[in-house]
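Structure assessment
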Amino acid sequence: MGLTASLAAAAVALTLAACGAVAPGSTSDGVASPPPLTGFAARFVGSSHEPAPEATVRPTPGTWDDVAVPAGYTIVVIARGDDDATATLTDAVERYAADHGADLTVLEARSDDEVEQRIDEAVTAAPDLVVGVGDGVVDVFSLITAQYLETDFLVVGAQLPEPTHNVTAVVWPGAEFRGTGLGNDDAHPAAVTPGRAREAVSAGAASVLHDLTGIVIELG
């Protein structure tokens with residue numbers, strides 16, 4: 001084989017090898033695989049692998065207790081409902097903000113249209129986190145939050161049927177509303193106690209702060 005032919009064959013071989021090579025941290029189809037979870041994220045999820053979108057995570061109680069909130073952190077609460085459960089959840093967010101030195105704004109809504117307006121107002125204010133409380137926010141959150149993918153949303157005591165990556169939810173037995181007409185026979189307002197509400201807010205905020213979003217956190 002002449003020199004020219006040898007060089008051509010070597011070039012073909014290198015090209016084929018390059019096409020078949022998989023870079024570290026990539027899958028065979030060339031898509032980068034997520035880095036393994038470490039530290040808080042691994043303890044919280046209970047795995048070294050990032051949870052899949054919309055996955056349900058059952059964290060170890062207390063893993064979120066020492067998670068600090070950055071200075072200047074801002075939270076907006078959108079609350080709908082005059083029931084005890086909604087009031088308890090709102091109080092829990094207020095206490096969380098006070099304990100962590102976060103700036104808090106509470107926006108109340110009385111109808112679906114007002115929930116939508118409050119979401120628009122909250123996003124315009126550009127807070128670090130928008131929290132929805134009360135079963136009455138769920139239907140509208142399901143429709144609107146996907147329009148604001150750059151904003152982190154947290155729903156406490158309920159969940160969206162098909163959340164996008166920017167919506168995290170915290171549920172527990174008796175507080176699992178998924179939306180109108182989707183079967184919520186297991187919902188019991190009495191399950192929303194002050195202690196459980198505070199735990200849920202802390203767990204949800206900690207998850208968002210560590211970029212574990214788009215999942216459902218289920219407290220035991």
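For the structure itself, consult the block above.
The structure presented is a predicted model; accordingly, all values stated were derived computationally and were not measured.

Reading the values: the criteria
- Residues numbered from 1 in each chain as written.
- Predicted model: local features only at pLDDT ≥ 70, side-chain atom pairs only at ≥ 80, totals over all residues.
- Heavy atoms only, no water.
- Helix = DSSP H or I, 4+ residues; strand = E, 2+ residues; numbered from the N terminus.
- Buried < 20%, exposed > 50% of the residue type's maximum accessible area, 1.4 Å probe, protein only.
- Contact = heavy atoms within 4.5 Å.
- Salt bridge = Lys/Arg side-chain N within 4 Å of Asp/Glu carboxyl O.
- Pairing = 2+ DSSP bridges.
- Axes fitted to C-alpha atoms, helices over the stretch in contact; angles between N-to-C directions.
- Expected span 1.5 Å × (residues − 1).
- Patch = residues over 30% accessible without salt bridge, like charges linked within 9 Å, V, L, I, M, F, W, Y side chains within 5 Å.
- Areas by Shrake-Rupley, 256 points an atom, 1.4 Å probe, with all protein chains shown as cover.
- Lys, Arg positive; Asp, Glu negative; His and termini not counted.
- Charge placed at Lys NZ, Arg CZ, Asp CG, Glu CD.
- 1 Å grid on protein atoms, 1.4 Å probe; cavity = no way out; pocket = protein on both sides within 12 Å on 5 of 7 lines; lining within 4 Å.
- Points joined across faces, edges and corners; volume = space filled by probe spheres on them.
- Nonpolar A, V, L, I, M, F, W, Y, C, P; charged D, E, K, R; others polar.

Moving on to the side chain of Thr-86. Take Thr-86: it is sitting in helix α3 (residues 84-100). The buried category is assigned to Thr-86, whose relative accessible area is 3%. Not counting the four nearest positions on each side in its chain, Thr-86 is found in contact with Ala-79, Arg-80, Gly-81, Val-133 and Gly-134.

Within the secondary structure layout, Arg-110 lies in the loop between β3 (103-109) and α4 (112-125). Between the alpha carbons of Arg-110 and Ala-79 there is a distance of 8.7 Å; along the sequence they are 31 residues apart.

Moving on, we come to the pattern of salt bridges. What the rule picks out here adds up to 7 salt bridges. Salt-bridge contacts for Glu-199 lead to Arg-196; the nearest nitrogen and oxygen are separated by 2.8 Å. Of the two residues, Glu-199 and Arg-196 both sit in helix α6 (residues 194-209), 3 residues apart, roughly one turn of that helix. Accessibility expressed as a relative area gives 24% for Glu-199, which makes it partly exposed. Salt bridges sharing common partners tie together Arg-110, Glu-114, Arg-118 and Glu-121.

Attention now moves to the sheet that holds β3. One open sheet accounts for 7 strands, arranged β1-β7-β6-β5-β4-β2-β3; its pairing is parallel. Each edge of the sheet is formed by a strand with only one pairing partner; in this case those strands are β1 (56-57) and β3. Pairing of strand β5 (residues 153-156) with strand β6 (residues 167-171) involves 4 bridges; the strand directions are parallel. By the bridge assignment for β6, Phe-153 is matched with Val-167. The strands that α3 touches are β2 (74-80), β3, β4 (129-133) and β5; relative to β2, the one it contacts most, it runs at about 170°. Sheet strands touched by α4: β2, β3, β4 and β5. Its angle to β3, the strand with the most contacts, is close to 160°.

Time to look at the environment of Val-192. Within the secondary structure, Val-192 is located in the loop between β6 and α6. Accessibility expressed as a relative area gives 11% for Val-192, which makes it buried. Placed 106 residues apart in sequence, Val-192 and Thr-86 show a C-alpha to C-alpha distance of 8.6 Å. If we skip the residues at most four places from it in the chain, Val-192 touches Ala-85, Thr-88, Leu-89, Trp-172, Ala-175 and Ala-197.

Moving on, we come to α4. With 14 residues, α4 extends 20 Å between its outermost C-alpha atoms, agreeing within 8% with the 20 Å of an ideal straight helix rising 1.5 Å per residue. Along α4, the residues that are buried comprise Glu-114, Val-115, Arg-118, Ile-119, Ala-122 and Val-123. Structurally, α4 contributes buried residues whose contacts are with β2, β3, β4, α5 (138-144) and β5. Just beyond α4, the residue with positive phi is Ala-126, at close to 55°.

Residues Asp-82, Asp-83, Asp-84 and Asp-135 make up a contiguous surface patch of negative charge. Note on placement: Asp-84 falls in helix α3. Take Asp-84: its relative accessible area is 66%, and that puts it in the exposed class.

Next up on the list: the layout of surface pockets. Empty space within the largest pocket amounts to approximately 210 Å³. Looking at the largest pocket, it is lined by 23 residues, and the ones nearest its centre are Asp-83, Ala-85, Asp-135, Gly-157 and Val-192. Residue composition of the lining of the largest pocket, grouped by class: 13 nonpolar, 7 polar and 3 charged.

Moving on to unusual backbone geometry. With phi around 70°, Glu-54 is a residue other than glycine that occupies positive phi space. Turning to its location among the elements, Glu-54 is positioned in the loop between α2 (39-45) and β1. Of the residues examined, Glu-54 reaches a relative accessible area of 43% and is grouped as partly exposed. One non-glycine residue, Asp-211, adopts positive backbone phi at about 60°. Among the structural elements, Asp-211 can be located in the loop between α6 and β7 (216-218).

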